[in-house]
Amino acid sequence: MIRRLFFLFSIFTLGAELIAMPDIIGDIRDTIWTKANSPYHITGNTTATNLTIEPGVEVLFDGDFEFNIDGDFIATGSKSDTIRFRPDTGNPAGYPGLHVLSTAQNIEFDYCRIEGANNFGIKIEN
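Residues numbered from 1 in each chain as written. Predicted model: local features only at pLDDT ≥ 70, side-chain atom pairs only at ≥ 80, totals over all residues. Heavy atoms only, no water.

Visitor: Any chance you could break down the pairing of strand 3 (residues 58-61) for me, citing the residues and the numbers?
Guide: Moving residue by residue along a regular strand, the side chains alternate between the two faces of the sheet. The alternating pattern of strand 3 places E58 and L60 and V59 and F61 on opposite faces, both of which are buried. Here four bridges tie strand 3 to strand 6 (residues 83-87), and the two strands are oriented parallel to one another. Of the residues in strand 6, the one forming a bridge with L60 is R86. (Buried < 20%, exposed > 50% of the residue type's maximum accessible area, 1.4 Å probe, protein only. Helix = DSSP H or I, 4+ residues; strand = E, 2+ residues; numbered from the N terminus. Pairing = 2+ DSSP bridges.)

Given below as structure tokens:
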């Protein structure tokens, strides 16, 4: 009986770790952001390369941090499950917006809401 309880506790603990709210800073490469792990907190300047964002993900900016897109970037929400980019509640100043660099390829935004940007929504070089 004790082994069974320990096993169930281990699964519960693992499950809690899987739904942690990730802090994002620096280079993000070859990653998929899922609704189960949402919201994602941008806590510093970030560059995303080969990032896929699934429907229902919320991206919160904890400060006035840059979010650069370099390489493939696929953000495909749905009509009933949009992807949201917005300032966190403790960040009334907002964030610059999403910056698509000239080296970016295969950029897709479907059913995305970009809210509270203080400079531009999406800036595309070249």
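Visitor: How would you summarise the nonpolar core if you had to cite specific residues and measurements?
Guide: In terms of nonpolar packing, the biggest core is built from 21 residues, with W33, L51, I53, F61, F67, F73 and F85 touching the most fellow members. Looking at this core, the elements that each hand over two or more residues are strand 1 (23-33), strand 2 (40-53), strand 3, strand 4 (67-69), strand 5 (73-76), strand 6 and strand 7 (98-100). Excluding its chain neighbours within four sequence positions, the residues that come into contact with L51 are I28, T31, W33, F67, D72, F73 and I74. (Core = buried A, V, L, I, M, F, W, Y, C linked by side-chain atoms within 4.5 Å. Contact = heavy atoms within 4.5 Å.)

Visitor: Tell me about the pattern of salt bridges, and please be specific about residues and values.
Guide: One pass over the structure, following the stated rule, counts five salt bridges. One salt bridge in this structure joins E58 and R86, with 2.7 Å as the shortest N-O distance. With E58 in strand 3 and R86 in strand 6, the pair connects residues that are 28 residues apart, well separated along the chain. An identical accessibility class is assigned to E58 and R86; each is buried. The shortest N-O distance in the salt bridge between R84 and E115 comes to 2.9 Å. Here E115 lies in the loop between strand 9 (112-114) and strand 10 (122-124) and R84 lies in strand 6, a separation of 31 residues in the sequence. Since its relative accessible area comes to 18%, E115 is described here as buried. (Salt bridge = Lys/Arg side-chain N within 4 Å of Asp/Glu carboxyl O.)

Visitor: I'd like a description of unusual backbone geometry, backed by residues and values.
Guide: Cis geometry is found at the peptide bond from S38 to P39, where omega equals 5°. Summarising the element assignment, P39 is placed in the loop between strand 1 and strand 2. Despite not being glycine, Y111 has its phi angle at roughly 50°, a positive value. Here Y111 is to be found in the loop between strand 8 (107-110) and strand 9.

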